Amino acid sequence: MITEYAAAQWDLELDDLFLTIGHRFGRVELRRRMRDYVRGLLAPVARKNSWQLAEQAGHRTPDGLQHLLAGSRWEPDDIRDDLQEYVADKLGEADGVLIIDDTGFIKKGATSAGVQRQYSGTAGRTENCQIGVFAAYATTLGRALVDRELYLPKSWTEDRERCRTARVPDEREFATKGELARRMVLRALASPLPIAWVTADSAYGQDNRFRRMLEQSGAGYVLAVPKSQFSVGCSRIEALFAQAPDEAWEKISCGDGAKGPRVYHWAAVRLPAVAEFDYQGEAPHRMRWALARRSISKPDEIAYYLAYGPLHVTVQELVRVAGARWAIEECFQAAKNECGLDEYEVRRYVGWYRHITLAMLAHAFLATTAHQAREKGAEQVRRQGPSGSQWRRFGDSWQLVVPGPRTCTDTEADATR
């Protein structure tokens, strides 16, 4: 149950966030529309398009909110930078993990920027859709989406008239999803986000340029790769683990899922070092690994990873990072279900970036408030004494209140509230 106090705190914290980004919107009216839009994304609105968000905000028409996305002057990349600083402040930890993945947005027609029939992992099949490449940030405090890029297929970038109709900038040329991912990683590493690790699925992990970029930047990684992947010291990674003895496999949890700990059999082997990237002078300072994750109930199901990290890293830490990759799927689900990430009705390039960025901002706010709520709950638990006793504030001091068989008076009850 949400109390009046909790609702007031929610509003205060949301207003603080609006104050942080408000200077990015030059006019008062534009700032108000931005506030109404984000509040609508956080509200229990059936479908979060401009019409229903306008109704939620008390606007007679959706024109103002549509102008916010299509015709007004503000830069969504500035909001992205503020978002990264906000997440770093609220959820940042030294061992933070940056996660790269893409998701599909099913669309009708052929005029929305970047739309075409293409494979969508979200749908699990080829659909008429847009593809967005995203970065998420995850720590023990929470997880949030922190960057995004719209993938433009060659059918778009080679048709400049079509691009101009969708307001795609003339300088925007074709870039693979891997190239978009590299740009986001470099931006994140230059941001206030404390990042120790990067992880991604095999679509990105098999990209040699992606791995080299991470090694040159000094970031550790645990990247999924296909079974045919070759690397230093192994022609095919599946062959490397095919003859592994039984004792090489260790049962380790890679984090909690919806049904509890996600436990698999894991095997790890150190790979030869590369002088160009793994040494400082004469001394090695980084280590390479190959990992395999085997299902306990279905031992034929094996996933493979390449890893790169500090000399002191443990296999348990590498497994933790590999397991963190699922956090971005949870971000996609929450941002779509609760913040309307996929419920936009914009067709132009800039409209996509503006809606997606504001939806990411709304999701990051939910992630930070959820963390704060857990912290308050943990603080209450820490104040619990033995046998159900509880610490409670009396004026400027704390007192241990121990429940007993006696029923307290109304005055005593009021004093402990």
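Residues numbered from 1 in each chain as written. Predicted model: local features only at pLDDT ≥ 70, side-chain atom pairs only at ≥ 80, totals over all residues. Heavy atoms only, no water.

Caption draft 1: Region of the structure containing the overall build of the protein. Counting its secondary structure elements, the protein contains 16 helices and 14 strands. When burial is assessed residue by residue, the protein has 46% of its 417 residues classed as buried. In the protein, once contacts between residues fewer than 6 apart in sequence are set aside, the share between residues at least 24 apart is 62%. Counting only carbon and sulfur atoms, one obtains 49% of the accessible surface of the protein, whose full area is about 21300 Å². (Helix = DSSP H or I, 4+ residues; strand = E, 2+ residues; numbered from the N terminus. Buried < 20%, exposed > 50% of the residue type's maximum accessible area, 1.4 Å probe, protein only. Contact = heavy atoms within 4.5 Å. Areas by Shrake-Rupley, 256 points an atom, 1.4 Å probe, with all protein chains shown as cover.)

Caption draft 2: Region of the structure containing the nonpolar core. Ranked by size, the top nonpolar core spans 111 residues in total, and within it Val87, Ile100, Phe134, Leu145, Phe210, Leu214 and Val222 carry the most contacts. By size, the runner-up hydrophobic cluster in this structure holds 10 residues, among which are Phe241, Trp249, Ala292 and Leu306. (Core = buried A, V, L, I, M, F, W, Y, C linked by side-chain atoms within 4.5 Å.)

Caption draft 3: A look at unusual backbone geometry. If you check the backbone angles, Arg167 has positive phi at about 60 degrees while not being a glycine. Here Arg167 lies in the loop between helix 7 (160-165) and helix 8 (177-190).

Caption draft 4: Inspection of the pairing of strand 6 (residues 220-225) at higher detail. Counting buried positions along strand 6 gives six out of six residues, so the element sits mostly inside the fold. The alternating pattern of strand 6 places Gly220, Val222 and Ala224 on one face and Tyr221, Leu223 and Val225 on the opposite face, and all of these are buried. Two strands pair when backbone bridges link them, and strand 6 and strand 12 (residues 302-310) are joined in this way by five bridges, in the antiparallel orientation. Bridge pairing in strand 12 links Val225 to Tyr304. (Pairing = 2+ DSSP bridges.)

Caption draft 5: Geometry of the side chain of Arg182. Among the secondary structure elements, Arg182 is positioned in helix 8. Judged by relative accessible area, Arg182 falls into the buried class, the value being 14%. Those residues in contact with Arg182, other than ones at most four positions away along the chain, are Asp207, Arg209, Phe210 and Met213.

Caption draft 6: Broad picture of the pattern of salt bridges. By the definition in use, this model includes 25 salt bridges. The salt bridge partner of Asp95 is Arg320, with a shortest N-O separation of 3.9 Å. Note that Asp95 is positioned in the loop between helix 5 (76-91) and strand 1 (96-106) and Arg320 in helix 13 (residues 315-324), a separation of 225 residues in sequence. Here Glu215 and Arg212 are joined by a salt bridge, their closest N and O atoms 2.8 Å apart. Note that Glu215 and Arg212 are positioned in helix 10 (residues 208-217) at a spacing of three residues, about one turn of the helix. The exposure class of Glu215 is buried, given its relative accessible area of 5%. Note on Arg212: relative accessible area 23%, which makes it partly exposed. A cluster of three or more residues bridged by salt bridges with shared partners is formed by Asp77, Arg80, Asp81, Asp147, Arg148, Glu149 and Arg187. (Salt bridge = Lys/Arg side-chain N within 4 Å of Asp/Glu carboxyl O.)

Caption draft 7: Seen up close, the confidence of the model for the protein. This prediction gives the protein a mean pLDDT of 86; 88% of its residues lie at or above 70. In the model, residues 381-417 has pLDDT below 50 throughout and makes 32 contacts with residues more than four positions away in sequence or in other chains. (pLDDT = per-residue confidence, 0-100.)

Caption draft 8: Inspection of the environment of Ala181 at higher detail. Looking at the secondary structure, you find Ala181 in helix 8. Considering only alpha carbons, one finds Ala181 and Tyr204, 23 residues apart in sequence, at a separation of 8.0 Å. In this structure, Ala181 is in contact with Ile100, Val133, Tyr204 and Phe210, ignoring residues within four places of it in sequence.

Caption draft 9: Here's a closer look at the packing of aromatic side chains. Using the criterion set out here, one finds 15 aromatic pairs in the structure. Note on Tyr204 and Phe210: the rings are 6.4 Å apart at their centroids and 55 degrees apart in plane angle, and the pair reads as tilted. The exposure classification of Tyr204 matches that of Phe210, with both residues buried. Judged by centre distance (5.5 Å) and plane angle (25 degrees), the ring pair of Tyr221 and Tyr308 falls under stacked. In this pair, Tyr221 sits in strand 6 while Tyr308 sits in strand 12, placing the two residues 87 residues apart along the sequence. In this structure, Tyr221 and Tyr308 share a single accessibility class: buried. Taken together, the aromatic side chains of Phe105, Phe134, Phe332, Tyr344, Tyr349, Trp352 and Tyr353 make up a single cluster linked through ring pairs. (Phe/Tyr/Trp six-rings, centres within 6.5 Å; stacked < 30°, edge-to-face > 60°.)

Caption draft 10: Here's a closer look at the environment of Asn128. Tracing the backbone through its elements, the reader meets Asn128 in strand 3 (residues 125-139). The sequence separation of Asn128 and Lys108 amounts to 20 residues, and the corresponding C-alpha distance is 6.6 Å. Excluding its chain neighbours within four sequence positions, the residues that come into contact with Asn128 are Phe105, Ile106, Lys107, Lys108, Gly109, Val115, Gln116 and Arg117. Within the structure, the side chain of Asn128 is placed 2.8 Å from the backbone oxygen of Lys107, a separation counted as a polar contact. (Polar contact = N/O pair within 3.5 Å; in protein donor to acceptor, adjacent residues only side chain to side chain.)

Caption draft 11: Inspection of the packing of helix 8 against helix 10 at higher detail. Contact geometry of helix 8 with helix 10 gives a least axis separation of 10 Å together with a crossing angle of 15 degrees. The pairing of helix 8 with helix 10 is recorded here as roughly parallel in orientation. Seen along the crossing, helix 8 lies across helix 10 with a hand that is right-handed. Across the interface between the two elements, Ala181, Arg182, Val185, Leu186 and Leu189 from helix 8 touch Arg209, Phe210, Met213, Leu214 and Ser217 from helix 10. Here the contact of helix 8 with helix 10 is composed, by residue class, of seven nonpolar, one polar and two charged. (Axes fitted to C-alpha atoms, helices over the stretch in contact; angles between N-to-C directions. Parallel < 35°, antiparallel > 145°, perpendicular 65-115°, else oblique. Left-handed = near helix turned anticlockwise from the far one by under 90°. Nonpolar A, V, L, I, M, F, W, Y, C, P; charged D, E, K, R; others polar.)

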